[in-house]
Amino acid sequence: MSVKISVEDRTREIGRKILERVIHRRRGFSHGDLDSRLMEWAMRDPELKTQLFRFVDVLPALQTPEEVVRHLREYLGSPDKGLPIVGQLGINLASSSGLAARATAATVERQIGGMARRFIAGSNIREAAAAVRELRKKGMTFTLDLLGEVAVSEAEALGYQRQYLEVIRGMSAEASGYAPDVDSLGETPRVNVSVKLSSLYSRIEPADPDGSVEALKSRLRPILELARQEGAFIHIDLEHYAIKDLTLRVFREILLEPAFRDSRHYGITIQAYLRDSERDLRGLVDWARERGAPVRVRLVRGAYWDYETVIARQRNWPIPVYTQKPETDINFECLTRLLIENYPHILTAIGSHNARSVAYAMAVAEAEAVDIPVGSVEYQMLYGMAGELKEAVVEMGRRVRVYTPYGELIPGMAYLVRRLLENTSNESFLRQSFSERASVDELLKSPQETPKYTPEARAPEFVNEPERDFSREEHREIMKEALARVRDEFNAHYPLLIGGKLVSTSEEIDSTNPSSPSEVVGRVAWAGEREAQAAIEAANRAFPTWRDTTVDERAKVLFRAADIIRTERDQLAAWEVFETGKAWREADADVCETIDYLNYYASEMLRLGKTRRLGSLPGELNEYLYQPRGVAAVIPPWNFPMAILAGMTSAAIVVGNTAVVKPATQSPVIAAKFVDILVRAGLPGGVVNFVPGPPIEVGEYLVKSPDVDITAFTGSRAVGARIFRTASEVAPGQDHLKRVIAEMGGKNALVIDSDADLDEAVTGAVASAFGYGGQKCSAASRIIVHDLIYDKFLTRFVEASKSLSVGPVENPGNYFGALVDEKSRDKVQGYIELGKTEARVVLETDVSGLGEGWWVGPTIFSDVPPQARIAQEEIFGPVVAVIRAQNFDQALEIAMGTQYCLTGGVYSRSPRNIEKARRDFRVGNLYINRKTTGAIVGRQPFGGFKMSGIGSKAGGPDYLIQFMEPRTITENTLRRGFAPEQESGDVGL
């Protein structure tokens, strides 16, 4: 009688056979000199691993031998970093120029190139074909992967599409002489190509899935048609989580088209580290049954774990991946069983270098409950890795397909670095089996037996409000519903608020939709001097009581307002879409920032509102405390219509001041909504007064009033300077000097170094320059590029900008919409005409077909003289001056050559130049290797100096102090020679 063996026992049995064969062939990292030593060093030294891989990453971008030597010294040759390994590699850094530099650069490039060739099959079809022939001699088959990351422009996307078509044609001709390939269902294509959808379309927008899916299908369709004609297999790779659902949808929809529905020569990837991977796989199974023809699913663990976890934590989103390796391993085995059990609707490909995973798949396939043909499961591994494991699996009669990347070294370097990181990660199976020599039992242990790690508890900290993730359908539907609801509320009347009472006026202003100026978003009461004076008097009357209200009670009002906004956030974002032309993400981010300001300033006041004792000498009590100043005039801008308004207003009132708010004329409806929320949160009458009106008649009246103590302003340099001048004059009867808190814009520079990652630099430059149509004080309106890469960057930047979609932002497929009003449009167009006399226009977008609206598209000028007006004056629109610099030092000099110091950015992979930028690029907010916009409350306090403002930092720990005055109270506690005991520390108010 036969004895049944469990899947677990059979897994261990098969696994031992695999490892016996692996051990018999074991080469580990022994082949090659440099890569062997570097791998071993990297596994021993985490800091060395980081520096080494960063050098490997930057090497293809280095333009001269001198740059190679300099970067090698900066990353690996500095004794003070404890990394003097270059001498051990036979490389002499004594000279950084001339013949010695060329010799060193050639040596390094040859050695690193050899390392790359271990993982990359070749730079062209001919070399890839040669590598494939070697694989076939070993009994393995292949899938070709065209190296490259995300396309940053439509020109690049079309280029990738052409390359996919070329590889299908080229490899089909090459493979015509191959022996037929057969799987469990019969003959299968000899040519197999893996496709990344992100390379086919540069404007993938998860918030606009319908538009993105249709565009991707139109780019993918010719590839599938040619593959059908040539008899090739097409596999769709899964990439970042943000486009995962789009990728699955494209795959399912296009394969239901009549031309492709009946073929089984298509595949897609499932990533086991994703928490929703089982749901996705079950959906694929149901779809495949309905379709009627099987597809192959490649199961992998996933290659973007760090990226997904970091992005999720930065945005305070749920982490989409399992955070512990055993969880991923358990899920991998669960999905393996699910795949194999659904044969023949799903054909399984196990993508793993883990002997346990391979053995488990074999054991499940043998189980009585499944009992499927041996050839039905395919085992896929990466080119250049786990050679012994591949050979062992082939020897056991299983089908092995090698994921074979090919392409130029520059786009391939990101792939190479990922492979190096995988090989040397602490939990890598290859590291454990080949380097650390883990026991067979340890390597084959079930993931169920691995104890989970319990992270240490962290101290509580301020948490930013998470923005909507528009890759999630429920978030998109919520926004669509909010837009429809808000549109139904157009044309309503919004009165003033003075002393807690609503006040209507004989004059109103219509607030309109910038994309459609004939649409009236709302009708707002218009104040004059009389109403402004009444608001000041109401604020003065409310001040004593509000000043003496406890800090706790004042903070609670802000916390309650934040809670109200959280429940109404989507409608508020929709109002911003219509009234100020902000795209979905920009509008949602502004509302989130509003919540952040309210919560952060309330928390900060709870900290600052405690009286501190200074010193501890007996007989004397010294107390340090803050008091509010009085009445604040709050004059916010329209470009962050709720966040900046809320930030300045909440800062003023939480410290105990009262306020008179004069909103921007372009965004009074949103301002009215915010003031109403404060009232609903329990703010007493008169603490905040709302008086929209003309800038001169009302705004200047507030600034001049002897009864106003503070002016908080964000806007243009001209208006800010006028406010400073006006506020400095002491009016008759005025008993105080006024405080002005101002942020006045910038002429921000983004410096692109010669070694920058151009994929990231171009993407960051587009976001920095053209987010919200450049209508941000933080926008990068100057891009200063190192001469060595100037032409290459400019070409890619222009193409990427040309690919942006301009149109009504109610449609989430549009990158940015109309400028806020006619005056802004005319000003920007004037600067464009001026720019044509100062420099060469390389991109001017035709917006004539967009109809009514204040349209201006992306505009780029090249070779702009640093002193040109378009390089010196704030334009506040989608106009960018690209400036050439001979070296990094000159680039920094040009960057600092304006009267503004708000934000700046640097894209560089040189540690020396990054440090130099930290020291010499003196702006309020310096961003390194990221865009210059999008400062986050509590993490990147925002504000500049020189003509950009007074140097205060909104959303930072010293901002509230600007709205208060410090006081010191000293008491002599010595009485008749007796001094009571005094406790040091804080004394609560």
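Residues numbered from 1 in each chain as written. Predicted model: local features only at pLDDT ≥ 70, side-chain atom pairs only at ≥ 80, totals over all residues. Heavy atoms only, no water.

### Focus: the overall build of the protein chain
Per the secondary structure count, the protein chain includes 30 helices and 33 strands. For the protein chain, whose C-alpha radius of gyration is 32 Å, the value lies close to the compact-globule estimate of 30 Å for 989 residues. Along the three orthogonal principal directions, the C-alpha set of the protein chain runs to about 100 × 80 × 70 Å. By the burial criterion, 59% of the 989 residues in the protein chain qualify as buried. Here the analysis covers contacts within the protein chain between residues at least 6 apart in sequence; of these, 77% occur between residues at least 24 apart. (Helix = DSSP H or I, 4+ residues; strand = E, 2+ residues; numbered from the N terminus. Rg over C-alpha atoms; globule rule 2.2 N^0.38 Å. Buried < 20%, exposed > 50% of the residue type's maximum accessible area, 1.4 Å probe, protein only. Contact = heavy atoms within 4.5 Å.)

### Focus: the pairing of strand β27 (residues 879-885)
Burial within β27 is extensive, with 6 of its 7 residues counted as buried. By the bridge criterion, 5 bridges tie strand β24 (residues 780-786) to β27 in an arrangement that is parallel. Note on β27: the bridge partner recorded for V785 is R884. In this sheet, β27 lies alongside strand β26 (residues 859-862) in parallel orientation, the contact comprising 3 bridges. Across the sheet, residue I860 finds its bridge partner in β27, namely V880. (Pairing = 2+ DSSP bridges.)

### A short note on the packing of aromatic side chains
One pass over the structure, following the stated rule, counts 17 aromatic pairs. Summarising the aromatic geometry, the rings of F251 and W287 are spaced 5.5 Å apart at their centres and angled 50° between planes, so their arrangement reads as tilted. Of this pair, F251 sits in helix α9 (residues 244-254) while W287 sits in helix α10 (residues 277-291), and the two are 36 residues apart along the sequence. Here F251 matches W287 in class, with each residue buried. Among the aromatic residues, ring-to-ring pairing joins F462, Y597, Y600, Y601, Y959 and F963 into one connected group. (Phe/Tyr/Trp six-rings, centres within 6.5 Å; stacked < 30°, edge-to-face > 60°.)

### Here's the deal with the sheet that holds strand β4 (residues 192-195)
Strands sit in the order β1-β4-β5-β6-β7-β8-β9-β10 around a closed barrel of 8 strands; the barrel is parallel. Going from strand to strand, the sheet's axes swing by 30° on average, the running direction of each strand aside. Pairing of strand β1 (residues 141-146) with strand β10 (residues 399-406), which is carried by 6 bridges, proceeds in the parallel orientation. The residue bridging F142 from the neighbouring strand is V402, located in β10. Along the sheet face, helix α7 (residues 154-175) touches β1, β4, β5 (233-236) and β10 and points at about 155° away from the line of β1. (Axes fitted to C-alpha atoms, helices over the stretch in contact; angles between N-to-C directions.)

### Observations regarding the pattern of salt bridges
Per the counting criterion, the structure on display carries 73 salt bridges. For the salt bridge of R136 with D181, the shortest nitrogen-to-oxygen distance reads 3.3 Å. Here R136 is found in helix α6 (residues 125-137), whereas its partner D181 is found in strand β2 (residues 181-183), with 45 residues between them in sequence. Overall, the relative accessible area of 10% leaves D181 in the buried class. The closest approach of N and O atoms between R264 and D183, which form a salt bridge, is 3.0 Å. Highlighted residues: R264 in the loop between α9 and β6 (266-271) and D183 in strand β2, separated in sequence by 81 residues. Here the salt bridges share partners, and the residues they tie into one network are E8, R12, E333, R356 and E449. (Salt bridge = Lys/Arg side-chain N within 4 Å of Asp/Glu carboxyl O.)

### A look at unusual backbone geometry
Note the cis peptide between Y343 and P344, where omega equals 10°. Within the chain, N316 stands out as a residue other than glycine whose phi angle is a positive 55°. Its place among the elements puts N316 in the loop between α11 (305-315) and α12 (325-341). In this structure, F876 is a non-glycine residue whose phi angle is positive, near 65°. Taking the relative accessible area as the measure of exposure, F876 reaches 21% and is therefore partly exposed.

### Some words on the sheet that holds strand β11 (residues 492-494)
Two orientations exist for strands paired in a sheet by backbone hydrogen bonds: parallel and antiparallel. Strand order in the open sheet made by the 3 strands is β11-β15-β14, with mixed pairing throughout. Every interior strand has two partners, whereas the edge strands, β11 and β14 (508-513), have only one. If you compare each strand with its neighbour and ignore which way they point, the axes differ by 40° on average. Where β14 and strand β15 (residues 516-525) come together, 6 bridges link them in antiparallel fashion. Across the sheet, residue N513 finds its bridge partner in β15, namely S516. Where helix α20 (residues 551-580) meets the sheet, it contacts β11, β14 and β15, and its direction lies at approximately 95° from that of β14.

### What about the confidence of the model for the protein chain?
With 92% of its residues at a pLDDT of 70 or more, the protein chain shows a mean pLDDT of 91. Within the model, pLDDT remains below 50 along residues 28-33, and this stretch shows 12 contacts once partners closer than five positions in the same chain are excluded. Note on residues 983-989: pLDDT is under 50 here. Beyond four places in sequence and across chains, it has 14 contacts. (pLDDT = per-residue confidence, 0-100.)

### Considering the environment of N491
With respect to the element layout, N491 can be found in the loop between α18 (473-487) and β11. C-alpha of N491 to C-alpha of T512: the two residues are 21 residues apart in sequence and 9.3 Å apart in space. Not counting residues within four places of it along the chain, the set of residues in contact with N491 comprises V520, V521, G522 and R523.

### Some details on the pairing of strand β22 (residues 739-743)
Strand residues, when the strand is regular, have side chains that alternate between the two faces of the sheet. Summarising burial for β22: 4 of the 5 residues are buried, a large majority. Direction of pairing for strand β21 (residues 710-714) relative to β22: parallel, over a ladder of 5 bridges. Residue pairing in the sheet places T711 in a bridge with V740 of β22.

### Observations concerning the environment of E729
One can find E729 in the loop between α25 (717-728) and β22. Taking C-alpha positions, E729 is 44 Å from E489, a pair spaced 240 residues apart along the chain.

### So, the environment of E971
Within the fold, E971 resides in strand β32 (residues 964-972). Under the relative-accessibility criterion, E971 is labelled partly exposed at 40%. Residues within four places of E971 in sequence aside, it is in contact with G619, E620 and L621.

### Description of the nonpolar core
Of all hydrophobic cores here, the largest spans 97 residues; its most connected members are I18, L220 and I234. Sort the elements by how many residues they give to this core and helix α13 (residues 355-366) lands first, with 9 residues. Counting residues in each nonpolar core, the second largest holds 79 residues, with V486, M642, L683 and I741 among its members. (Core = buried A, V, L, I, M, F, W, Y, C linked by side-chain atoms within 4.5 Å.)

### Description of α9
Listed as buried for α9 are K244, L246, T247, L248, V250, F251 and I254. Each element contacted by the buried residues of α9 is listed here: α8 (209-230), β5, β6, α10 and β7 (295-300).

### Digging into the packing of α10 against α12
The N-to-C vectors of α10 and α12 enclose an angle of 10°; their axes lie 11 Å apart at closest approach. Judged by the inter-axis angle, α10 sits roughly parallel to α12. Along the contact surface, α10 presents S277, E278, L281 and R282, while α12 presents N331, C334, L335, L338 and L339. Here the residues of the contact of α10 with α12 are counted per class, giving 5 nonpolar, 2 polar and 2 charged. (Parallel < 35°, antiparallel > 145°, perpendicular 65-115°, else oblique. Nonpolar A, V, L, I, M, F, W, Y, C, P; charged D, E, K, R; others polar.)

### Observations concerning the state of the cysteines
Counted by the stated rule, this structure contains 0 disulfides. Note on C777: no disulfide assigned, nearest cysteine sulfur contributed by C901 at a separation of 14 Å. We classify C777 as buried; its relative accessible area is 8%. (Disulfide = S-S within 2.5 Å.)

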